[in-house]
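# Examination of the molecular architecture
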Amino acid sequence: MRILIVDDEPRHLRGMVNLIGRLRPEDQVVAAKDGLSAMELVKAHSPEAILTDIRMPGMDGLEFLERLKVEGIKTRVVMVSAYNLFEYAQKAVRHGAFDYLLKPVEIEKITEVLSRIDLQLTAEQQQYREEEELQHRLKLASSAYLSRLILSWLNGSAAPEELEELNRYEWLRESGVAVYSELKHRRDSGEQQDSGSFVRSLEQAWSRWGEAITVPLSGMMEDGVQAAVTLITLEALTQGKREEARFIAQSLAAEWVHAGQLVHGIGPQCHSLLAEAPRSYLAARTANSYNFYDFRQGLLFADELISTPGAGAPDWGRLYDALKMDDAALVQEVCAETVYQLADAGQASPMLLKEQASLMLLQIRSDHQDILDKKTGQMLTDTATMLIRSCRSYQELMTKLNHALREAHLALALSRQDKSEVVIAECLGWIQGHTKENLTLERAAEHFHFNPSYFSTLIKNRTGKTFSEHVTAVRMKRAKELLAAEQFRVYEISLECGFQDTKYFCRVFKKYHGMSPKAYKHALSQRKREA
């Protein structure tokens, strides 16, 4: 407790200061020799208790007490006097004295008086805390009520009596805009931000733009997103105000970067917030959804969106064709080009863009359900129905798509590889069974239902030889078998091996085996005789 001792007699003054110092060493005690100097100390130290003599030069105790009342200074004043007169005590009490003590002051008396002052101070402090808490609760209740009222109004669900209630707020009749803000919490942060601090931060920042009130949307939205709407009085949405808004948005983004990404959509100018704020609010929410495109840098005005005619169904044909080839990079490239075209420079609805990407993955699963393994098929389904829908940005969407397509392409490539081994074995058997016929790549590709160019590449990649080389190898092997039988003439063997020109057959045979058919037949006969 802070205590002021006032007495014009130095001996009494020192004695009282020392006494209280011994009795209450934790208290702060100051002294004054008269009423005038005491008033200065009261203003400087705001003592909670004053022990003052009545008879003093310049300003006596009663005048000092009256002066405190005039100045509006509330403290407890104990009069100390050597005069045991009822008149003095009566005047002191009438002027607002807390008590009256006689000199010389007894220790028990002063201890009892100061203890009573302590109890009174404690009671007053408790009452002050209770009143402050009550005011705080009333303020919160009032704020919560206003928030619910504004949200009902902005969402078009306010009752007629609630609309009447809004008419009481004069500032709503002014022009202004609605700002919709979303804090997209980092998925790995696990940090739950206090709604109150988020709202206060927004309101304080946007107050630099105009008079503002921020209302939180109820709790944490799905997928870790916290949102609020700010109504701001604004005379005109000038270019200067737009630049100022971008600066505010950047400052807020830096303030909340520890929690996640903070983005905003700003609705069109309202001539009267009361009449047009719900429309501005809905436009602000729509504009904010286009912050999905990373280049928007977290702030978009509703009038920056360009209404474009629908592009119709996307053409995924090139992507489906790329999946049938062995070039994984081509799949990623074609996907990026197609999605970029669908995005229409950030003017396409993010929701529609994600829907089209999801349908594309489901179509791939459907087209190849007999080929894809169960794990890959489920991955495509999960990505299409859950992961893509939860994407918060264009970059995240492309990451999810690229991963899904990479896995699908790998599964299809492995399936093709297994299938191609069977096809090539069948093709080599087919060649052996048709050596007499006109064997061409085009005929073989048609027989096995392949594109000629792809079929040629497939055979070369899997066997290391071209189709023609395989045909020649089979025919030359058959020619050796027929020559070894010694039952056919050379021209007959030529026809049997699919050569209509005997001279051409001989040239091919010599090039392949290093000797002509006749020389080979003669060498065989020679070895037989020697054997």
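Structure first, text after, so check above.
A few points on the structure. This is a predicted model, so every value here is computed, not measured. (Residues numbered from 1 in each chain as written. Predicted model: local features only at pLDDT ≥ 70, side-chain atom pairs only at ≥ 80, totals over all residues. Heavy atoms only, no water.)

## Some thoughts on helix 9 (residues 273–289)
Here is the rule: Going along the chain from the N terminus, every DSSP run of H or I of four or more residues is numbered as a helix, and every run of E of two or more is numbered as a strand. The length a helix should cover is 1.5 Å for every residue beyond the first. Here the bend at a residue is taken as the angle between two axes, fitted respectively to the seven residues that end there and the seven that start there. For every residue, the accessible area (1.4 Å probe, protein chains only) is compared with the maximum for its type, and the residue is labelled buried under 20%, exposed over 50%, or partly exposed between those bounds.
Over its 17 residues, helix 9 extends 22 Å from the first C-alpha to the last, a length consistent with the 24 Å expected when each residue adds 1.5 Å. The sharpest bend along helix 9 measures roughly 25 degrees and falls at Arg279. Within helix 9 the residues assigned to the buried category are Leu273, Glu276, Ala277, Pro278, Ser280, Tyr281, Ala284, Ala287 and Asn288.

## Considerations on the nonpolar core
Keep this limit in mind: Grouping buried Ala, Val, Leu, Ile, Met, Phe, Trp, Tyr and Cys residues that are joined through side-chain atoms within 4.5 Å yields what is termed a nonpolar core.
Among the nonpolar cores identified, the biggest contains 37 residues, and Leu353, Leu361 and Leu401 are the most heavily contacted of them. Listing elements by their share of this core, those giving two or more residues are helix 10 (317–323), helix 11 (328–343), helix 12 (350–367), helix 13 (374–387) and helix 14 (394–433). For this core, the element with the most residues is helix 14, which contributes nine residues.

## Considering the packing of helix 7 (residues 195–206) against helix 8 (residues 239–255)
We apply this condition: To get an axis, fit a line to the C-alpha atoms, keeping to the stretch in contact for a helix; angles then go from 0 to 180 degrees between the N-to-C directions. For classification purposes, angles smaller than 35 degrees are called roughly parallel, those larger than 145 roughly antiparallel, those between 65 and 115 roughly perpendicular, and all remaining angles oblique. With the far helix as reference, a near helix turned anticlockwise by less than a right angle produces a left-handed crossing, and one turned clockwise produces a right-handed crossing. The criterion used for residue contact is that any of the two residues' heavy atoms lie within 4.5 Å. When residues are grouped by polarity, Ala, Val, Leu, Ile, Met, Phe, Trp, Tyr, Cys and Pro land in nonpolar, Asp, Glu, Lys and Arg in charged, and all others, Gly among them, in polar.
In contact at an axis separation of 10 Å, helix 7 and helix 8 are set at 150 degrees when each is read in the N-to-C sense. As judged from the angle between their axes, helix 7 and helix 8 are roughly antiparallel. At the point where helix 7 passes helix 8, the crossing takes the right-handed sense. Between helix 7 and helix 8, the residues in contact are Ser201, Leu202, Ala205 and Trp206 and Ala245, Ile248, Leu252 and Glu255, respectively. The residue inventory of the contact of helix 7 with helix 8, partitioned by class, reads six nonpolar, one polar and one charged.

## Digging into the packing of aromatic side chains
Keep this limit in mind: Aromatic pairs are defined between Phe, Tyr and Trp rings, using the six-membered ring for Trp, whenever the two ring centres lie within 6.5 Å; interplanar angles under 30 degrees are classed as stacked, those over 60 as edge-to-face, and all others as tilted. Put simply, a charge is over a ring when the Lys NZ or the Arg CZ is close to the ring centre, within 6 Å, and near the line of the ring normal, within 35 degrees.
For the structure on display, the rule yields 14 aromatic pairs. Arranged with centres 6.4 Å apart and planes meeting at 35 degrees, the rings of Tyr293 and Phe295 form a pair that is tilted. Taking the relative accessible area as the measure of exposure, Tyr293 reaches 2% and is therefore buried. Pairwise contacts between aromatic rings join Trp430, Phe448, Phe450, Tyr454 and Phe455 into one cluster. Here the basic side chain of Arg242 rests over the ring of Phe301, its NZ or CZ set 4.7 Å away from the ring centre.

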